[in-house]
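# Secondary and tertiary structure notes
Residue-level listing of the chains:
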Amino acid sequence: MIYADNAATTKMSDAAINKMIEVAKETYGNPSSLYEFGQKAKEALELAREKVACLIGAEPREILFTSGGSEADNQAIRSAAKLGEKAGKKHIISTAFEHHAVLHTLEKLKSEGFEITLLDVHEDGLVRPEEVEQAIREDTCLVTVMFANNEIGTIQPIKQIGEICNRHQVLFHTDAVQAIGHVPVNVADQNIDMLSASAHKFHGPKGVGFLYAKKSIRLSNLIEGGAQERGRRAGTENVPGICAMAEALSEAVANIEKNRDHIEPIRNRIIEGLSEIPHSALNGSREPRLPGNINFCFEGIEGESLLLLLDDKGIAASSGSACTSGSLDPSHVLLAIGRVHDVAHGSLRLSLGEDITDEDADYIISAVKEVVEYLRSFSPVWRNLVAGKGKFIL
Amino acid sequence: MALYSEKVMDHFRNPRNVGVIEDANGIGEVGNAKCGDIMKMYLKIEDEIITDVKFETFGCGSAIASSSMATELIKGKPVSEARQLTNQAVVEALDGLPAHKLHCSVLAQEAIEAALEDYEKRK
Ligand SMILES: Cc1ncc(COP(=O)(O)O)c(C=O)c1O
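Since the structure is predicted, the reported quantities are computational estimates derived from the model, not experimental observations.

## Some points on the interface of chain B and chain A
Facing the 26 residues of chain B at the interface are 22 residues of chain A. Both sides of the chain B and chain A interface together cover about 2100 Å² of buried area, and 64% of this is carbon and sulfur. When the buried area of chain B at its contact with chain A is split by residue, Lys34(B), Glu56(B) and Phe58(B) rank highest and sum to 27% of it. Applying the counting criterion to the chain B and chain A interface returns three salt bridges. For the side of chain B that touches chain A, the secondary structure elements donating two or more residues are α1 (6-13), β2 (37-46), β3 (49-58) and α2 (61-74) of chain B. With four residues, the top contributor of residues to the side of chain B that touches chain A is β3(B). When the residues that make up the side of chain B that touches chain A are grouped by side-chain class, the tally is 16 nonpolar, five polar and five charged.

See the structure below:
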């Protein structure tokens with residue numbers, strides 16, 4: 001089996017699993033309790049906070065533990081909106097290809113009277129900093145642009161966007177769920193005011209993440225209750241999960257360069273191999289791109305059948321087709337970079353892990369070639385294209 | 001994958017009656033690429049009996065399986081019987097489809113209807 005869906009989730013690292021078990025077994029007290037058991041757990045929690053903060057260039061008090069990336073996105077945006085509303089600023093800038101945790105929150109805010117500008121991400125899947133600057137208005141309270149896209153892996157010019165936002169005194173949030181642990185992230189260097197992260201994308205456990213928010217930013221609660229997380233997120237902390245996340249992040253950050261040097265050439269080998277398939281195209285600019293991301297469209301076929309046949313061949317991947325998204329439309333990300341419906345249905349995302357080998361790459365290339373050719377052999381769309389009764393798009 | 005029944009996976013992995021009939025006397029095509037499903041049915045009808053049927057499909061696993069099953073259900077049958085084919089019959093023969101995939105069976109029914117209509121027109 002080749003697991004090539006690391007953008008969906010990753011396998012927990014041994015270090016993270018061991019940490020999780022150790023903390024669950026030994027440090028089971030409630031961090032809010034005064035006695036020794038509780039204080040031990042509190043210590044473990046704060047140690048994890050220091051670790052995470054240090055790894056992204058923040059202060060410990062600027063890290064708020066959450067249930068994952070979605071919650072962090074929701075809280076960051078809601079908080080900025082509340083601060084904006086108080087100051088009479090109800091305009092938010094984002095992009096057309098954000099994760100739904102961001103887009104759906106923005107839709108809700110729109111129904112509550114906010115104005116939302118979604119920036120074009122162009123054919124290459126890259127936001128233009130100058131377009132961010134042009135979109136900023138007197139009443140803009142937040143710019144939220146993802147660090148790296150979860151489907152096509154393109155890495156956004158975060159530092160430049162952050163600089164622009166700072167200069168205009170507009171809060172800048174980035175959903176760094178796909179980036180953190182895979183490419184260098186430093187909130188101070190990159191002018192980031194708020195950042196969302198999720199442990200299960202960097203070999204930590206599922207259901208744990210964090211929100212970084214600059215200490216000058218007053219966060220609003222999504223969850224009311226006890227005084228945990230400086231009163232900004234109620235609920236007894238997921239101590240084993242949080243400690244395992246810190247462990248996983250340390251490991252991931254320490255190995256960023258080593259992992260990139262291993263994965264990137266293999267990714268390029270696959271991109272080159274798949275490019276040989278006629279009427280196919282890589283989605284999103286090849287650079288700057290997450291080291292393990294490959295996303296292709298193949299004309300004349302549909303993504304779900306491609307995935308099922310790859311699964312039969314022992315390859316786990318994903319697609320942006322409507323059938324896999326559970327809606328009638330294909331991926332909003334592919335539509336945002338200008339892929340028309342007809343070809344967006346035929347997309348394949350491979351997101352490689354650190355254990356990928358050259359042999360795996362060659363196997364993936366030959367398996368995808370074989371399956372695409374097979375599905376095209378009885379596709380009426382493909383027949384028409386080949387017969388000249390329609391124009392190839394790719 | 002537990003998404004589909006064994007039957008669906010069998011018809012998806014080993015679709016029956018795939019291809020084209022060069023001298024078909026009834027051809028129907030339904031769906032569109034925008035929505036992600038297109039089915040094309042080719043019928044060879046002799047003395048009101050469907051002696052051969054083939055299909056081509058652009059679509060997901062259940063679309064391919066539904067086309068395959070639909071062809072099996074009408075092959076060798078009289079035209080009058082094939083006209084009675086419902087999408088429910090396709091779904092039942094496949095041991096069910098997930099709710100959001102039922103439209104694939106409807107498409108299979110419609111593709112056969114369209115091919116039969118074409119046959120009537122050509123007569
Ligand atoms: C870019 C991005 N943002 C947010 C999320 C949501 O993270 P979580 O699953 O931890 O809620 C994901 C994960 O699917 C993601 O890829």
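## Topic: the domain arrangement of chain A
Residue and element names in this part refer to chain A. Domain boundaries in chain A define domain 1 (14-254) and domain 2 (256-386). Domain 1 and domain 2 are separated by 29 Å when their C-alpha centres are compared. The interface of domain 1 with domain 2 comprises 30 residues on the first partner and 19 residues on the second. Carbon and sulfur atoms make up 59% of the area that domain 1 and domain 2 hide from each other, which totals about 1900 Å². At the boundary of domain 1 with domain 2, the tally comes to zero salt bridges. Looking at the side of domain 1 that touches domain 2, the elements with two or more residues in it are α4 (100-111) and α7 (239-254). Of all the elements, α7 adds the most residues to the side of domain 1 that touches domain 2, at three residues. Counted by class, the side of domain 1 that touches domain 2 contains 14 nonpolar, eleven polar and five charged residues.

## Considerations on the side chain of Ser280(A)
All names here are of chain A. Its location among the elements puts Ser280 in strand β9 (residues 280-282). At 2.7 Å, the side chain of Ser280 forms a polar contact with the backbone oxygen of Ile277. If sequence neighbours within four positions are ignored, Ser280 has contacts with Leu274, Ser275, Phe296, Cys297, Phe298 and Leu394.

## Observations regarding the packing of helix α2 (residues 36-56) of chain A against α7(A)
Residues and elements named next belong to chain A. The contact between α2 and α7 brings their axes to 9 Å, and the two run at 30°. Judged by the inter-axis angle, α2 sits roughly parallel to α7. Crossing angle aside, the handedness with which α2 passes α7 is left-handed. Of the residues in α7, those in contact with Ala41, Ala44, Leu45, Ala48, Lys51, Val52 and Leu55 of α2 are Val239, Ile242, Cys243, Ala246, Glu247, Leu249, Ser250 and Val253. Across the contact of α2 with α7, the residue classes break down as twelve nonpolar, one polar and two charged.

## Digging into the nonpolar core
Judged by nonpolar contacts, the single largest core of 69 residues is most densely connected at Ile270(A), Phe298(A) and Leu350(A). Residue contacts for Ile270(A): discarding those within four places in its chain leaves Ile294(A), Leu350(A), Leu352(A), Ala361(A), Ile364(A) and Ile365(A).

## Some details on the site of the ligand
All names here are of chain A. Around the ligand sit 13 residues, and of these Ser70, Asp175, Gln178, Ser198 and Lys201 come closest. One nitrogen or oxygen atom from the side chain of His99 is found 3.4 Å from an oxygen atom belonging to the ligand. Gln178 places a side-chain nitrogen or oxygen 2.8 Å from an oxygen atom of the ligand. In the complex, 84% of the free accessible area of the ligand, which totals 390 Å², lies under the protein chains. For the shell around the ligand, the element with the highest residue contribution is helix α3 (residues 69-86), accounting for three residues. Taken together, the residues of the shell around the ligand break down into two nonpolar, eight polar and three charged.

## Looking at unusual backbone geometry
All names here are of chain A. The omega angle of the peptide bond from Glu287 to Pro288 is -10°, so this bond is cis rather than trans. Along the polypeptide, Pro288 turns up in the loop between β9 and β10 (293-298). Located in the positive-phi region is His122, a residue other than glycine, with phi close to 60°. Structurally, the position occupied by His122 is in the loop between β4 (115-119) and α5 (129-135). You will see that Asn191, though not glycine, has its phi angle at about 55°, which is positive. Within the secondary structure layout, Asn191 lies in the loop between β6 (171-175) and β7 (194-198). Judged by relative accessible area, which is 18%, Asn191 ranks as buried.

## Observations regarding the packing of aromatic side chains
Geometrically, a pair of aromatic rings is defined through the distance of the ring centres and the angle of the planes. Residues and elements named next belong to chain A. Per the stated rule, a full pass over the model turns up six aromatic pairs over all chains. Between Tyr374 and Phe378 the ring centres are 5.2 Å apart and the planes differ by 70°, which places this aromatic pair in the edge-to-face class. Aromatic pair Trp382 and Phe392: ring centres 5.5 Å apart, planes at 65°, arrangement edge-to-face. Taken together, the positions of Trp382 in helix α14 (residues 380-386) and Phe392 in the segment after α14 put the pair ten residues apart, joining distant regions of the chain. Residue Trp382 is classed as buried on the basis of its relative accessible area of 15%. Look at Phe392 and you get partly exposed, because its relative accessible area is 30%. Connected via pairs of aromatic rings, a cluster forms that spans Tyr28, Tyr35 and Phe37. The residue whose ring lies beneath Lys90 is Phe114, and the NZ or CZ to ring-centre distance is 5.1 Å. Geometry around Trp382 places Arg376 over its ring, the cationic atom sitting 3.9 Å from the centre.

Basis of the calculations
- Residues numbered from 1 in each chain as written.
- Chains lettered and ligands numbered in written order.
- Predicted model: local features only at pLDDT ≥ 70, side-chain atom pairs only at ≥ 80, totals over all residues.
- Heavy atoms only, no water.
- Contact = heavy atoms within 4.5 Å.
- Buried area = accessible area lost by both parts, 1.4 Å probe.
- Salt bridge = Lys/Arg side-chain N within 4 Å of Asp/Glu carboxyl O.
- Helix = DSSP H or I, 4+ residues; strand = E, 2+ residues; numbered from the N terminus.
- Nonpolar A, V, L, I, M, F, W, Y, C, P; charged D, E, K, R; others polar.
- Domains from an automatic or database assignment.
- Polar contact = N/O pair within 3.5 Å; in protein donor to acceptor, adjacent residues only side chain to side chain.
- Axes fitted to C-alpha atoms, helices over the stretch in contact; angles between N-to-C directions.
- Parallel < 35°, antiparallel > 145°, perpendicular 65-115°, else oblique.
- Left-handed = near helix turned anticlockwise from the far one by under 90°.
- Core = buried A, V, L, I, M, F, W, Y, C linked by side-chain atoms within 4.5 Å.
- Buried < 20%, exposed > 50% of the residue type's maximum accessible area, 1.4 Å probe, protein only.
- Near = heavy atom within 4 Å.
- Areas by Shrake-Rupley, 256 points an atom, 1.4 Å probe, with all protein chains shown as cover.
- Phe/Tyr/Trp six-rings, centres within 6.5 Å; stacked < 30°, edge-to-face > 60°.
- Lys NZ or Arg CZ within 6 Å of the ring centre and 35° of its normal.

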